[in-house]
Each structure stands twice: as structure tokens, then as C-alpha cells.
Amino acid sequence: MKKVYLETFGCQMNVSDSERILTQLESGGYQITDDETQADVVLLNTCSVREKAEHKLYTRIGQIRKTQTNKNSVLGILGCVAQLEGETLFKKSPAIDFVLGTKAVGRVANAIETAFNGNRNFVDLSDREADYDWSVAASQRHSPFVGFIPIIEGCNKFCTYCIVPFSRGREKSIPASEIIRQILILREQGIKEIHLLGQNVNSYRPINDSSLANFKGATAFSKLLRAVAATGMERVKFTTSFPRDFHPDIVDAINENENLCDWVHLPVQSGSNRILKAMRRGHTIENYLERIDKIKKSERKISITTDIIIGFPNESLQDFRDTVKMFEYCQFAGAYIFKYSPRPGTPAFNMIDNVSAEEKNERFLELEKVQRFTQQKIFQSYLNRSVEVLAEKISVKRSGQLSGHTTCQKVVNFPGAKDLLGKIVSVEILESKSNTLYGEISSRKQ
Ligand code: SAM
Ligand code: SF4
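To start, this report covers the structure provided alongside it. Nothing here was measured: the structure is a model prediction, and the numbers come from that model.

### Description of the site of ligand 2
Then, in step 1: Around ligand 2, the structure places Cys-155, Lys-157, Phe-158, Cys-159, Tyr-161, Cys-162, Val-164, Pro-165, Gln-199, Phe-242 and Arg-281.
Then, in step 2: In the shell around ligand 2, the residues fall into 8 nonpolar, 1 polar and 2 charged.

Dropping the structure here:
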């Protein structure tokens, strides 16, 4: 039996693709291994969102090739870098045997066989099969208790800095009936929490939404949220939301359904209208704050997190000050702060990257400090309160402790035995750090 080792870089969508790739290979008779040195097939599922992620890939190829004992093994590059670079990858690294684009992952077994049959420069960047199977075997899920479900692929937004519309193609929504079918299977298998995934979930627009006809909602996405809530899945989260398409009815749907979790990830990218326009985000800071105010006025206490890019071309000190001001207003429970990374092929790549590395660094550190202060305050507000936590895994940092998430997506560690894994427990918070809460079980909920 041939052994396959797969490593995943980047976002949750890549993690989800990897789950399906492994499902398919396992059912095709391959053995999945964690040991790269012994593998007959090495697959790297890549990310191209920032330059650093791409560089990491070439470093990993070198490391893997050095440690492998099986010199007849084959190496395949999958995912976003594969889609963008295609056959030029063979020139960049002669160790690569085949390249499989983001929509070609359903044909991974064919690519592997082709490479073993001696064709060592195989490329498949074609479209997804009409009957592509979106299911994931229980054995190949990244977590036995949390399931990822793509609801929309690709992106039509073309924000000027972003490579995703090129690496993932145009938006295509998965039929609601297929999404619901998968959720019902996951429920039966004991999954307690699902994440509906997409670059922009709010753009969800299936060709035929007849299976959503019985659900109210101002948009197909808010109808889908209500339909998913009706499956009875314990917890439902969704990511990523796009400010322009974030309809207030999403907040209403959350208020109406306890199992729709109290967390919204709403990337803003900048606090300056001038920069938002240059980024072609399609929202102003005023529109964004309206969304934030609606979420904050919700009957439920909904956590808001965001993404931000520091040092976009022509970002002045005043633009950056506007970003800091906006952060102080929004009081985000979490923020991914990125330094702008020019991506070849995007419109922003042709703009002059004129914010120096030093300035980017200074602004990054300042915003990080502002965010850390806010986060500490928010996390401390949980002290001596009880929160519901899904016990997901054994903590790697503190022995004898379990680790999981609240419905508002905070990480909580607490002492507990292994048999609690997969259970939702009430934890009283006794200690808070800037990214993690610590506590003790107060009572158990099945
Ligand atoms: N679709 C989501 C959205 O619209 O916000 C996010 C997609 S992207 C994979 C995740 C994050 O990476 C973005 O929110 C953005 O902050 C960041 N990002 C994308 N392109 C970038 C670039 N060229 N340089 C730095 N950060 C970037
Ligand atoms: Fe990229 Fe913008 Fe699409 Fe998000 S919405 S994936 S940032 S182009």
C-alpha cells in the first residue's frame, strides 16, 4: 500500500480541501501517514496570499527532499501557488513531479498515478468535475468535533491587493441541499460545531435555492443560516464576511437562533476611506461602522474580529491614524494584522510600494499594542463568569488540561479528563491572558 503525506498551508479553505483530498486517496487504497520521511507520495497544499507563504513552500520542498528515505517517491504541489504558477513550478524546483490547481483536487489520484507511470511533469489546472464529491470521511477531518463546510468557492470582488480571485476563480455557491445533507451526516457522526466557509460567505447565491424556500431571510445567505440552524447542529459559525454584503438580517438570524454562534469575522482592511477606495473594497468606513453598530446593538453579545492591512501603497500617517481611531471605536475581540505584501498580477502590484519596511513595522507594532490593550480588557471582562466551551483537544501547553472554544470563538483552557473531549462544558473563567482564557469546569452539558 502506497503511503501519502500531505501538508497544508494557509486558510481554512485549504484545510477543508485537504480533508477531501485525503478522503479520496484513503478510499482509493492509499495509506495516509504523518511521517514525511517514509512517504511514497508527498503533497503540499499551498497558499499564495502573502509572499512569505510562497517562500515557505520552497524551503519545505528542500527540507522534505533531504529527509526522505524513499528516493522513488513523488512530490505534488496543490492549491493556490499551483494554480497561479502552473508549469513554471518545474523550473523553480526540479524536485516537483506534478502540479494540481485549486479545482483539480478531485483528480489527485490520477496525477499521482501519472507521475508513478513516468510522466514527471504533469499539470492539471482545469475546472472541478460536475459531480465532485464534497464529503469528508470521519477519519480525515481536522477535528473529530468541528467540521468545515465550504458553501461558496472563489471570489468576484477583486480587491486590488488580493490574489484570491486569480488563485480560486469566480464565485460558485454549493447547493443548499448538499450543504444541509452534509451537516446532517456530521451531526450523526458526533460533530458539535460547524464552520460554513467561503472567501465571502455573504455573497452566497446558489443557482437554485428552492430548498431554502421555507426559510425567511433578506438574502440567500441569511436564509441558509436559518436552514442550517434548523438542522439542530449544536453550534454554527461562519467565515469570512464581507462588509459590503453583510446584511443586517444576518444579525437578526443570530438573535433568533441560539445555535448560530455569537461571533462575526468582518475584515475591514483599513480605517481610511482613501485607502479603502484604492483597495477597491466597495465599502466606506461609515458603512462599516453602521454594520458594527448593528452587531453591537444585538440582543446577544456578539464578538467581532477583523483583518487589517498595514502599509498599503500611499498609506499616509493620517490614514494610519484613522485606522487606529477606528480600532479604538470598534473594540475588536481579535484582529489579524498583516503588513501589505505586493502580489504579482494584482492591480496593487503596479502601485509603488512606497511605505518603507521600517514604517510598516512601526505601524504594525503600534496597532498591535492598541489591539493587545483592547483584547486584554475584553478578555478580563470574562473573569468570574461562566462560558460554554466545546472541549476539542488536550492542551499542548498545560498538562492535564483540555482546550476548546466558546461560541464567541475565544480559546479556553481548563483542567479535565480525556472523556470530556467532544462535550460542551460550562467553565468558570479564573485567569485571562491576551489570547486565551483559563478556568475550571462548573457543570457539564452533553
Ligand atoms: N475574503 C476575505 C476578505 O475579504 O476579507 C479574506 C481573504 S484573504 C485569504 C485573508 C486576509 O489576508 C485578508 O483579509 C487580508 O487582510 C489579507 N491579505 C490578502 N492579500 C494581502 C496582501 N497582498 N498583503 C497583505 N495581506 C493580504
Ligand atoms: Fe480577496 Fe477581497 Fe475576495 Fe476577500 S473579498 S478574497 S480580500 S478579493
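### Considering the sheet that holds strand S14 (residues 334-339)
The strands that make up a sheet pair up through hydrogen bonds in the backbone, lying either parallel or antiparallel.
Then, in step 1: Read across the open sheet, the 3 strands follow the order S12-S13-S14; overall the sheet is parallel. With one partner strand each, in any of the chains shown, strand S12 (263-265) and S14 form the two edges of the open sheet. Neighbour to neighbour, the strand axes of the sheet diverge by 10° on average, direction disregarded.
Then, in step 2: In terms of strand pairing, strand S13 (residues 303-310) meets S14 through 6 bridges, oriented parallel. If you follow Ile-310 over to S14, its bridge partner there is Lys-339.
Then, in step 3: Set on the sheet, helix H12 (residues 317-330) makes contact with S13 and S14; between it and S13 the angle comes to about 170°.
Then, in step 4: Along the sheet face, helix H13 (residues 357-380) touches S13 and S14 and points at about 175° away from the line of S14.

### Side note on the packing of helix H8 (residues 220-229) against helix H9 (residues 249-256)
Then, in step 1: Where H8 meets H9, the axes come as close as 9 Å, and the angle between the chain directions of the two elements is 10°. Between H8 and H9, the angle is such that the two are roughly parallel. Note on element contacts: H9 touches H8 through Asp-249, Ile-250, Asp-252, Ala-253 and Glu-256, opposite Phe-221, Ser-222, Leu-225 and Arg-226.
Then, in step 2: When the residues that make up the contact of H8 with H9 are grouped by side-chain class, the tally is 4 nonpolar, 1 polar and 4 charged.

### Comments concerning the packing of helix H1 (residues 12-27) against helix H5 (residues 108-116)
Then, in step 1: Look at H1 against H5: their axes get within 9 Å of each other, and the N-to-C directions meet at 60°. Put simply, H1 runs oblique to H5. From H1, Ile-21, Gln-24 and Leu-25 reach across to H5, where they touch Val-108, Ala-109 and Ile-112.

### Focus: the site of ligand 1
Then, in step 1: The full set close to ligand 1 counts 16 residues, and Arg-50, Gln-199, Gln-269, Asp-307 and Ser-341 are the nearest of them.
Then, in step 2: One of the backbone N or O atoms of Tyr-161 is found 3.0 Å from a nitrogen atom in ligand 1.
Then, in step 3: Ser-341 is positioned with one of its backbone polar atoms (N or O) 2.8 Å from a nitrogen atom of ligand 1.
Then, in step 4: Compared with its free state, where it exposes 560 Å², ligand 1 has 91% of that area covered by protein.
Then, in step 5: Contributing elements (two or more residues each) for the shell around ligand 1: S13 and S14.

### Details of the side chain of Ser-426
Then, in step 1: Within the secondary structure layout, Ser-426 lies in strand S18 (residues 424-432).
Then, in step 2: Within the structure, Ser-426 has its side chain in polar contact with the side chain of Glu-388 (distance 3.4 Å).

### Re the environment of Arg-385
Then, in step 1: Within the secondary structure, Arg-385 is located in the loop between H13 and strand S15 (386-394).
Then, in step 2: In the structure, Arg-385 is positioned 45 residues away from Leu-430 in sequence and 8.2 Å away in space, judged by C-alpha atoms.
Then, in step 3: If sequence neighbours within four positions are ignored, Arg-385 has contacts with Lys-301, Val-427, Glu-428 and Ile-429.

### A look at the pattern of salt bridges
Then, in step 1: Under the definition given, this model contains 28 salt bridges.
Then, in step 2: Two residues, Glu-366 and Arg-321, come together in a salt bridge whose shortest N-O distance is 2.8 Å. Residue Glu-366 is found in helix H13, and its partner Arg-321 is found in helix H12; the two are separated by 45 residues along the sequence.
Then, in step 3: Here Lys-360 and Asp-353 are joined by a salt bridge, their closest N and O atoms 3.0 Å apart.
Then, in step 4: Using a relative accessible area of 7% as the deciding quantity, one classes Lys-360 as buried.
Then, in step 5: If you follow the salt bridges from partner to partner, you end up with Lys-157, Glu-171, Arg-244 and Asp-245 in one network.

### Examining helix H11 (residues 285-296)
Then, in step 1: Here H11 contains 12 residues, and its C-alpha end-to-end distance of 16 Å stays within 8% of the 16 Å for a straight helix at 1.5 Å per residue.
Then, in step 2: Considered for burial, the residues of H11 that qualify are Ile-285, Tyr-288, Arg-291, Ile-292 and Ile-295. Seen end-on, H11 carries its buried residues on one side only, within an arc spanning 120°.
Then, in step 3: On its buried face, H11 sits against H9, S12, helix H10 (273-278), S13 and H12.

### Points about the sheet that holds strand S3 (residues 41-46)
Then, in step 1: Pairing in this open sheet of 6 strands is parallel, and the strands run S2-S1-S3-S4-S5-S6 from one edge to the other. Two strands bound the open sheet, and with one partner strand each, they are strand S2 (31-32) and strand S6 (122-124).
Then, in step 2: Across the sheet, H5 lies against S3, strand S4 (74-78), strand S5 (98-100) and S6, angled at about 170° from S5, the strand it touches most.

### Things to note about the side chain of Gln-401
Then, in step 1: Mapped onto the elements, Gln-401 comes out in strand S16 (residues 401-405).
Then, in step 2: The exposure class of Gln-401 is buried, given its relative accessible area of 13%.
Then, in step 3: Filtering out sequence-adjacent residues up to four positions away, Gln-401 remains in contact with Ile-394, Ser-395, Asn-413, Phe-414, Pro-415, Gly-416 and Tyr-438.

### Digging into the environment of Asp-319
Then, in step 1: You can see Asp-319 is positioned in helix H12.
Then, in step 2: Given a relative accessible area of 5%, Asp-319 falls into the buried group.
Then, in step 3: C-alpha separation for the pair Asp-319 and Asp-307, spaced 12 residues apart in sequence, amounts to 16 Å.

### Focus: the nonpolar core
Then, in step 1: Counting 86 residues, the largest nonpolar core has Leu-43, Ile-179, Ile-194 and Leu-196 as the members making the most contacts within it.
Then, in step 2: The element contributing the most residues to this core is H8, with 7 residues.
Then, in step 3: Those residues in contact with Ile-194 that sit more than four places away from it in its chain are Gly-147, Ile-149, Ile-183, Leu-186, Val-228, Met-233, Arg-235, Val-236 and Lys-237.
Then, in step 4: In this structure, Ala-39, Leu-44, Ile-64 and Val-81 belong to the second largest nonpolar core, which totals 18 residues.

What counts and how
- Residues numbered from 1 in each chain as written.
- Chains lettered and ligands numbered in written order.
- Predicted model: local features only at pLDDT ≥ 70, side-chain atom pairs only at ≥ 80, totals over all residues.
- Heavy atoms only, no water.
- Near = heavy atom within 4 Å.
- Nonpolar A, V, L, I, M, F, W, Y, C, P; charged D, E, K, R; others polar.
- Pairing = 2+ DSSP bridges.
- Helix = DSSP H or I, 4+ residues; strand = E, 2+ residues; numbered from the N terminus.
- Axes fitted to C-alpha atoms, helices over the stretch in contact; angles between N-to-C directions.
- Contact = heavy atoms within 4.5 Å.
- Parallel < 35°, antiparallel > 145°, perpendicular 65-115°, else oblique.
- Polar contact = N/O pair within 3.5 Å; in protein donor to acceptor, adjacent residues only side chain to side chain.
- Areas by Shrake-Rupley, 256 points an atom, 1.4 Å probe, with all protein chains shown as cover.
- Salt bridge = Lys/Arg side-chain N within 4 Å of Asp/Glu carboxyl O.
- Buried < 20%, exposed > 50% of the residue type's maximum accessible area, 1.4 Å probe, protein only.
- Expected span 1.5 Å × (residues − 1).
- Arc of directions from axis to C-beta.
- Core = buried A, V, L, I, M, F, W, Y, C linked by side-chain atoms within 4.5 Å.

Everything listed is a geometric property; what it means functionally is a separate question.
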